[in-house]
Amino acid sequence: MFELNLQGIDINGEPPKSDPERQYYYIAKCRDHLKKREAELGRKLTYHNETFGCQMNFKDSEKLNGVLEAIGYEPRDDEKADFVIYNTCTVRENANDRVYGRIGYLGKLKKSRNDMIIAMCGCMMQEPTAVEKIKTSYRFVDLIFGTHNIFKLAELIWSVYEEREQRARDPKLKKRMVIDVWKDTNEIIEELPSSLKYSFKAGVNIMFGCNNFCTYCIVPYVRGRERSRRPDDIINEIKDMVSHGVVEIMLLGQNVNSYGKNLDEPITFAELLRRVDEVEGIKRIRFMTSHPKDLSDELIDVIAASRHVCRHIHLPVQSGSNRLLKAMNRHYTREDYLLLVDKLKAKIPDIAITTDIIVGFPGETEEDFEDTLDICRKVGYDSAFTFIYSKRTGTPAAAMPDQVPEEVTSERFKRLLDVVGKCSEERAKTLTGKTLPVLVEEENRTENMLTGRLDNNLLVHFNGDPSLLGSIVNVRLNECKGFYYIGEQV
Ligand code: 5AD
Ligand code: SF4
């Protein structure tokens, strides 16, 4: 993995102008400060990171944790840590509500532990109204930053340390929150430390941001415009991970199918995937998320011919109604989508297809909703993430007439769950009795069970030795429990 070398950095000199060297300087400075603090307290200092939301946020958190650990903080499972960071999500309103509920709890903890540092970052912090609310109602928060400058964490922490020292010198000074939220960026800073959650599987960012502006979605506003990492940087990172024992890679982007378009030397996602498939020692490759409008025949051919790409595609449909797909700005019709599914199934017969669906988009009629149920039955999804439409201020859909009443959406939501549940069960049953490879991911010590994941992303529980964690073993799927199997190693 990337090895951070802080030797030879003059922490009393001027900070370097460019990154990542500038961040190495601040990591070294913070580390020095932390060591002194540890000596005063006679104990180690700890951090706790609470992450909300999607795979992107979890990946960002591995980077944040990498920097925190490089500074010298040790991880802790609960909020009674010296440094607490919330990496927030704002894709739906209830994500924001959850965060506010928990910041209140942090405030109570801080009353008896004045030394504690509280930081907020992530998508929700890109919204000026959320930052205003924290500034006025949660003044005990020390640091706020957004999605575009997470690489600056050490520099920002240094500003918090400085702010505290100024107040210690002059008790009349009022507490000042360090706030650094960028609107957007073109920068991609490589070569920073990262702390992987698992030793055997890892996400790899291939691009950041989204240009699609689906009318319900806040992501393009909080994650900025699309920008791709250079293929060589991606491949080198993957090779490095694999050489350290990672066997499964998940390529991450809001819309991986438009990868590479803005590079000086453009390349397609299909070509990148082909190159990743050739990395020596890699066992499984996943990717998410694919926008149906950009899924090319070339990509389908690459998946079909690949040795390591999992036979699983996450292909958000959002709605089965052409009228709503247009209002959502999705740029495909239900017919286009079904044609794509036919092509996928024809070229990759065992492929698992999963999706995202929104219920209650403004103006959704019973007929539109029936179209959604119908497309679910026609595709026969392996599983589906289902969401009740949530109004996001600033998105075009928030201003649309005919917002659907809550009682109507919740009734439709139940019907949708019923249909997708049945589809998943039907699909899962077809594998019962088969022996298939699973990547062993978790152990349940109390029950002496292991949990592994199939190529199609479904879970399997079976008896086995914990030493198998991180390896791929063959398991017979004895019993299908709907969303998971009970199996035995063969
Ligand atoms: N309301 C409900 N669901 C949403 N999603 C995105 N924005 C909204 C919203 N405003 C869902 C979409 C997307 C998934 C990640 O979240 O289905 O694919
Ligand atoms: Fe949101 Fe659409 Fe971009 Fe996905 S593709 S992040 S749903 S705007």
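Keep in mind that what you see is a predicted model, and the values were worked out from it rather than measured. (Residues numbered from 1 in each chain as written. Chains lettered and ligands numbered in written order. Predicted model: local features only at pLDDT ≥ 70, side-chain atom pairs only at ≥ 80, totals over all residues. Heavy atoms only, no water.)

Caption draft 1: Spatial organisation of the environment of Gly 320. By secondary structure assignment, the location of Gly 320 is in the loop between strand E12 (312-314) and helix H10 (322-327). Of the residues examined, Gly 320 reaches a relative accessible area of 0% and is grouped as buried. Between the C-alpha atoms of Gly 320 and Ile 358, which are 38 residues apart in sequence, the distance is 9.9 Å. Setting aside residues no more than four positions away along its own chain, Gly 320 makes contact with Arg 334, Asp 371, Thr 372 and Ile 375. (Helix = DSSP H or I, 4+ residues; strand = E, 2+ residues; numbered from the N terminus. Buried < 20%, exposed > 50% of the residue type's maximum accessible area, 1.4 Å probe, protein only. Contact = heavy atoms within 4.5 Å.)

Caption draft 2: How the structure looks around the domain arrangement of the protein. Taken domain by domain, the protein comprises domain 1 (21-180), domain 2 (198-310), domain 3 (313-430) and domain 4 (435-489). At the interface, nine residues of domain 2 touch 12 residues of domain 4. In this assembly, domain 2 packs against domain 4 so that about 860 Å² is buried in total across both faces, 52% of it on carbon and sulfur atoms. The largest per-residue losses of area from domain 2 upon contact with domain 4 belong to Phe 200, Arg 284 and Arg 286, which jointly make up 58% of the total buried on that side. At the boundary of domain 2 with domain 4, the tally comes to one salt bridge. For the interface between domain 2 and domain 4, the tally reads six residue pairs in polar contact (both at pLDDT 80 or more). Taken together, the residues of the side of domain 2 that touches domain 4 break down into four nonpolar, no polar and five charged. (Domains from an automatic or database assignment. Buried area = accessible area lost by both parts, 1.4 Å probe. Salt bridge = Lys/Arg side-chain N within 4 Å of Asp/Glu carboxyl O. Polar contact = N/O pair within 3.5 Å; in protein donor to acceptor, adjacent residues only side chain to side chain. Nonpolar A, V, L, I, M, F, W, Y, C, P; charged D, E, K, R; others polar.)

Caption draft 3: The site of ligand 1, seen in detail. If you check the shell around ligand 1, you find Val 91, Arg 92, Tyr 216, Gln 318, Asp 356, Ile 358, Phe 387, Ile 388, Tyr 389, Ser 390 and Arg 392 and nothing else. Here a nitrogen atom of ligand 1 sits 3.0 Å away from a polar atom, N or O, in the main chain of Tyr 216. With respect to ligand 1, the side chain of Asp 356 contributes an N or O atom lying 2.6 Å from an oxygen atom. Put simply, the parts of the chain that give the shell around ligand 1 at least two residues each are strand E13 (352-359) and strand E14 (383-388). (Near = heavy atom within 4 Å.)

Caption draft 4: Expanded view of the nonpolar core. Ile 238, Leu 251, Phe 269 and Leu 273 are the most contacted members of the largest nonpolar core, which has 58 residues in total. Both domains that furnish three or more residues to this core are identified here as domain 2 (198-310) and domain 3 (313-430). Aside from chain neighbours lying at most four places away, what touches Phe 269 is Ile 206, Leu 251, Val 256, Asn 257, Tyr 259, Phe 287 and Leu 299. Among the nonpolar cores identified, the runner-up in size contains 35 residues, and Tyr 47, Ile 71, Phe 145 and Val 160 belong to it. (Core = buried A, V, L, I, M, F, W, Y, C linked by side-chain atoms within 4.5 Å.)

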